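# Breakdown of the fold
Next come the chains, spelled out residue by residue.
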Amino acid sequence: MRVRLGAGTGVEWLMAAMAVADPDWRAVITDGEAAYDAARAAGGRGLVRDAGRIGRHGWIHLLGPLTRRRGAWSAAALRTADPAAVRRTCLAVLDVLPTPVDRPPVLTPVRDRLEAVGPQRLLDEVAPGLHYGPGVLDDVLLVTSQRVAPIVVELAEPDRTVIVHPPLGESVRLRDLARALGDDTRMRILQLLKADARTLPQLCELLDAPRTTLLHHLALLRGAGLVDLSVTAGEANVYRLRAKGFEQLARAASAFPLA
């Protein structure tokens, strides 16, 4: 095994960028809140928005081109990182990653449904268990994908929200429900939510677990329809048990063929 050690201001810069880009990481990165405040003071909402578009993982991946350099991994070195190297890395992944053979879903059903029931009802149908309070959503882009079930992927930007969802009308399968239940941490989350609605900070404290870990578990539970998430402007997100999800679980289990 080969082990090497390294440090540098360029690394610290990337950590600050990750904190600016991802609000959940501001709490787990030292001086994350200070980095965000400094970015807002220096470049305003536009700078924060651009950092968010690159995303936490985008900034993390810049560690590769930086640490492949010889010499100090300074902020100056990061400024001069070869853009072609970053592009080659991305294209190399795309070249090797198998291309999905399925065609993208047809949007006619979701367009028809939008015209029939309006945006709020459609949002409830494509992303069940995800509830927004007034003033939270200004511009919403719904993107249909065959590959996200049972998790609904949400990207919240200052000027819009992108929600990637399964095709309209596709129900959660027994396998997805079993997957959501097949973990001790997720079962503990359900037990806590059975007693009362909770915010993410409350769950982190009660379970002694980091935000990023619990967000993954909560996404699986919400995707399986077992948990509701309420988003209200200026307040912490609230998670609740979703009774209809457990009714669906009972129906799916009772319909399982035994012969």
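The preceding data block contains the structure.
Attention in this report is confined to the structure presented alongside it. (Residues numbered from 1 in each chain as written. Predicted model: local features only at pLDDT ≥ 70, side-chain atom pairs only at ≥ 80, totals over all residues. Heavy atoms only, no water.)

## Comments concerning the overall build of the protein
Scanning the protein for helices and strands turns up 13 helices and 7 strands. Each of the three principal axes of the protein carries a C-alpha extent, and together these read 65 × 45 × 45 Å. In the protein, 55% of the contacts between residues at least 6 apart in sequence involve partners at least 24 apart. Here the protein displays about 16,200 Å² of accessible surface, and carbon together with sulfur accounts for 56% of that area. Charge separation in the protein, taken as the distance between the mean sites of 33 positive and 29 negative side-chain charges, equals 6 Å. (Helix = DSSP H or I, 4+ residues; strand = E, 2+ residues; numbered from the N terminus. Contact = heavy atoms within 4.5 Å. Areas by Shrake-Rupley, 256 points an atom, 1.4 Å probe, with all protein chains shown as cover. Lys, Arg positive; Asp, Glu negative; His and termini not counted. Charge placed at Lys NZ, Arg CZ, Asp CG, Glu CD.)

## Quick look at the packing of aromatic side chains
Within this structure, the stated rule accounts for 0 aromatic pairs. The side chain of Arg26 reaches across the aromatic face of Tyr36, ending 3.8 Å from its centre. (Phe/Tyr/Trp six-rings, centres within 6.5 Å; stacked < 30°, edge-to-face > 60°. Lys NZ or Arg CZ within 6 Å of the ring centre and 35° of its normal.)

## Examining the sheet that holds strand β7 (residues 238-241)
The strand order across the open sheet formed by 4 strands is β1-β6-β7-β5, and the pairing between neighbours is mixed. Edge strands, defined here as strands with exactly one partner in the open sheet, are β1 (130-132) and β5 (198-199). (Pairing = 2+ DSSP bridges.)

## Observations concerning helix α3 (residues 32-61)
With 30 residues, α3 extends only 19 Å from end C-alpha to end C-alpha; this falls clearly short of the ideal 44 Å at 1.5 Å per step. If you look at α3, its biggest bend is around 120 degrees, right at Gly43. When α3 is considered as a whole, its buried residues turn out to be Gly32, Ala35, Tyr36, Ala39, Val48, Ala51, Gly55, Arg56 and Trp59. Packed against the buried residues of α3 are α1 (9-21), α2 (23-26) and α4 (63-67). (Expected span 1.5 Å × (residues − 1). Bend = angle between axes of the 7 residues up to and from the residue. Buried < 20%, exposed > 50% of the residue type's maximum accessible area, 1.4 Å probe, protein only.)

## Here's the deal with the packing of helix α10 (residues 184-195) against helix α11 (residues 200-207)
In contact at an axis separation of 11 Å, α10 and α11 are set at 120 degrees when each is read in the N-to-C sense. By the angle class used here, α10 and α11 are oblique. Between α10 and α11 lies a crossing whose hand is right-handed. Here α10 contributes Arg188, Ile189, Leu192 and Leu193 to the contact with α11, which in turn contributes Leu203, Leu206 and Leu207. Split by residue class, the contact of α10 with α11 holds 6 nonpolar, no polar and 1 charged. (Axes fitted to C-alpha atoms, helices over the stretch in contact; angles between N-to-C directions. Parallel < 35°, antiparallel > 145°, perpendicular 65-115°, else oblique. Left-handed = near helix turned anticlockwise from the far one by under 90°. Nonpolar A, V, L, I, M, F, W, Y, C, P; charged D, E, K, R; others polar.)

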